[in-house]
Amino acid sequence: RAKKKLTDNFEYYAKDIEDQTTWRLDMIRRLRSDFAARKLELWFQPQVDLLTDKVVGMEGLLRWPDGNGGYISPAVFVPLAEYSGLIVDIGEWVLEESCRRLQQLRELGHGHLRVAVNISIPQFRDRFFVDKVKNALTEADCDPSLLELEITESVVMDEPQIVIDALRVLKDYGVKIAIDDFGTGFSSMSYLQQLPLDRLKVDRSFVKDIQPGSAAVLAETIVTLGNKLGLLTIAEGVETREQAIYMIKLGCDEAQGFFFAKPIPFDQLVELLKNTRLPRDET
Ligand code: C2E
Ligand code: MG
Ligand code: MG
Ligand code: MG
């Protein structure tokens with residue numbers, strides 16, 4: 001009986017793996033063709049200064065329409081785009097689109113806003129990466145200091161030297177650098193000193209710890225670390241007023257999260273910017 005069960009399991013898993021491979025290849029094929037057909041969208045989530053309550057920037061976040069009015073999550077397709085190498089071209093488009101949006105915002109009188117763009121490891125391995133960033137900025141006539149690159153700890157750990165070298169060049173060019181999801185990766189503290197960083201993004205898992213009566217030690221530690229290193233800090237995934245207030249008390253500079261605004265299409269962002277009042281004032 002035991003033997004049969006083992007075989008069953010093996011067949012079950014073999015089929016599962018086969019299905020997964022088929023599914024993955026199919027997704028990659030569809031992603032490639034939808035990207036070529038310009039069907040990917042770049043949405044934006046506002047970033048708010050916790051002292052002034054003003055929108056000071058936004059993070060660009062990919063959206064892939066599923067053809068039925070819904071969207072496939074980037075948490076699902078970005079890993080596939082990385083695995084297939086598609087992220088190199090998609091990421092280049094994200095950079096260009098972000099800079100074009102900055103240009104449009106400037107024309108609308110929001111020339112102070114910055115944009116944050118997520119960068120994956122295959123993009124750093126592309127020897128034209130630095131040029132692509134500079135080109136995106138010059139094509140749209142953008143101030144480099146309004147572009148912020150977000151990298152996770154795992155990106156740094158994957159290719160420390162390549163990443164550090166590229167970031168140093170871009171930093172000299174005026175571009176800002178943020179560490180995304182800080183505290184969730186296996187960051188070697190020594191890299192924190194070697195990287196030309198501007199900002200730490202406190203991962204939303206630590207912000208989530210902030211509940212009435214709880215201490216949120218890790219959120220506090222990360223903000224303190226950021227301050228001591230002379231870096232700006234931003235809290236990710238702020239969903240409640242309590243969390244926003246707690247982050248202010250910790251001395252965190254900025255926040256991003258559903259409490260303030262969800263990621264929205266560019267046109268909706270422009271509408272939101274017309275409103276001087278943020279959701280926070282209304283609640
Ligand atoms: P991320 O860079 O950490 O982006 C933040 C994610 O948290 C976004 O998920 C955002 O929608 C979500 N979020 C923001 N506020 C809240 C909140 O208050 N509560 C909760 N529960 N979630 C919140 P999204 O848009 O699904 O993106 C997932 C990940 O996909 C991103 O994580 C990023 O790693 C990746 N990604 C998205 N766009 C790009 C891109 O253009 N290039 C690359 N390389 N990766 C991207
Ligand atoms: Mg990010
Ligand atoms: Mg993040
Ligand atoms: Mg994340």
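Residues numbered from 1 in each chain as written. Chains lettered and ligands numbered in written order. Predicted model: local features only at pLDDT ≥ 70, side-chain atom pairs only at ≥ 80, totals over all residues. Heavy atoms only, no water.

1. Examining the coordination of the magnesium ion (ligand 2)
Part 1: Note on the magnesium ion (ligand 2): its protein donors are Glu59 (OE), Asn118 (OD1), Glu150 (OE) and Asp180 (OD). The metal-donor distances range over 2.0 to 2.2 Å.
Part 2: Ordering the donors of the magnesium ion (ligand 2) by residue number gives the pattern E-x58-N-x31-E-x29-D.
Part 3: The distance between the magnesium ion (ligand 2) and the magnesium ion (ligand 3) comes to 3.8 Å, and Asp180 binds to both of them. In this pair, Glu59 is assigned in strand S2 (residues 55-65) and Glu150 in strand S5 (residues 147-152), connecting sequence segments 91 residues apart. No difference in accessibility class separates Glu59 from Glu150, as the two residues are buried. (Donors = N, O, S within 2.8 Å, 3.2 Å for Na, K, Ca; no water. Helix = DSSP H or I, 4+ residues; strand = E, 2+ residues; numbered from the N terminus. Buried < 20%, exposed > 50% of the residue type's maximum accessible area, 1.4 Å probe, protein only.)

2. Focus: the pattern of salt bridges
Part 1: Using the criterion set out here, one finds 16 salt bridges in the structure.
Part 2: A salt bridge links Arg114 to Glu254; its shortest N-O distance comes to 2.5 Å. In this pair, Arg114 sits in strand S4 (residues 114-118) while Glu254 sits in strand S9 (residues 254-255), placing the two residues 140 residues apart along the sequence. Like Glu254, Arg114 is buried.
Part 3: Three or more residues joined by partner-sharing salt bridges are found here, namely Arg114, Glu148, Arg199 and Glu254. (Salt bridge = Lys/Arg side-chain N within 4 Å of Asp/Glu carboxyl O.)

3. Quick word on the packing of aromatic side chains
Part 1: Evaluation of the coordinates by the stated rule reveals 5 aromatic pairs.
Part 2: Taken together, a centroid distance of 5.0 Å and an interplanar angle of 70° make the contact between Trp43 and Tyr71 edge-to-face. With Trp43 in strand S1 (residues 41-49) and Tyr71 in strand S3 (residues 71-72), this pair connects stretches of sequence that are 28 residues apart.
Part 3: Taking the relative accessible area as the measure of exposure, Trp43 reaches 15% and is therefore buried.
Part 4: By relative accessible area, Tyr71 is classed as partly exposed at 38%.
Part 5: The ring of Phe258 carries the charged tip of Lys262 above its face, separated from the ring centre by 4.9 Å. (Phe/Tyr/Trp six-rings, centres within 6.5 Å; stacked < 30°, edge-to-face > 60°. Lys NZ or Arg CZ within 6 Å of the ring centre and 35° of its normal.)

4. So, the site of ligand 1
Part 1: Residues in close proximity to ligand 1 total 22 residues, the closest being Arg63, Ser120, Asp180, Glu239 and Phe258.
Part 2: Side-chain polar atom of Gln45 to a nitrogen atom of ligand 1: 3.0 Å apart, as the coordinates give it.
Part 3: Leu62 is positioned such that a nitrogen or oxygen atom in its backbone is 3.1 Å from a nitrogen atom of ligand 1.
Part 4: For ligand 1, the protein covers 84% of the area, taking 800 Å² as the surface of the free molecule. (Near = heavy atom within 4 Å. Polar contact = N/O pair within 3.5 Å; in protein donor to acceptor, adjacent residues only side chain to side chain. Areas by Shrake-Rupley, 256 points an atom, 1.4 Å probe, with all protein chains shown as cover.)

5. As for the environment of Ile245
Part 1: Assignment of secondary structure puts Ile245 in helix H11 (residues 241-250).
Part 2: Judged by its relative accessible area of 34%, Ile245 is partly exposed.
Part 3: Counting along the chain gives 195 residues from Ile245 to Leu50, while the straight-line C-alpha distance between them is 8.6 Å.

6. Focus on the nonpolar core
If you look at soluble globular proteins, the nonpolar side chains tend to sit buried side by side.
Part 1: Membership of the largest hydrophobic core comes to 85 residues, with the highest contact counts inside it found for Phe124 and Met247.
Part 2: Considering every element that reaches this core, the biggest residue donor is helix H3 (residues 87-107), with 8 residues. (Core = buried A, V, L, I, M, F, W, Y, C linked by side-chain atoms within 4.5 Å.)

7. Focus: the side chain of Glu236
Part 1: Within the secondary structure, Glu236 is located in the loop between strand S8 (232-235) and H11.
Part 2: As a buried residue without a salt bridge, Glu236 has its nearest oppositely charged side chain in Lys201, at a separation of 4.1 Å.
Part 3: Side-chain polar atoms of Glu236 contact the backbone nitrogen of Asp181, separated by 3.3 Å.
Part 4: Residue contacts for Glu236: discarding those within four places in its chain leaves Asp180, Asp181, Lys201, Val202, Asp203, Arg204, Val207 and Gln256. (Lys, Arg positive; Asp, Glu negative; His and termini not counted. Contact = heavy atoms within 4.5 Å.)

8. Here we look at the pairing of S2
Part 1: Most of S2 is tucked away, with 10 of its 11 residues classed as buried.
Part 2: Judged from the 8 bridges that link them, S1 and S2 form a sheet pairing that is antiparallel. From the neighbouring strand, Leu42 faces S2, where its bridge partner is Leu62.
Part 3: Counting the residues in the hairpin turn of S1 and S2 gives 5 residues, including Asp53, whose phi is positive at 65°.
Part 4: Two strands pair when backbone bridges link them, and S2 and S4 are joined in this way by 3 bridges, in the parallel orientation. Bridged to Gly57 within S4 is Arg114.
Part 5: Here S2 runs beside S3; their pairing, made up of 2 bridges, is antiparallel. Looking across to S3, one finds that Trp64 is bridged to Ile72. (Pairing = 2+ DSSP bridges.)

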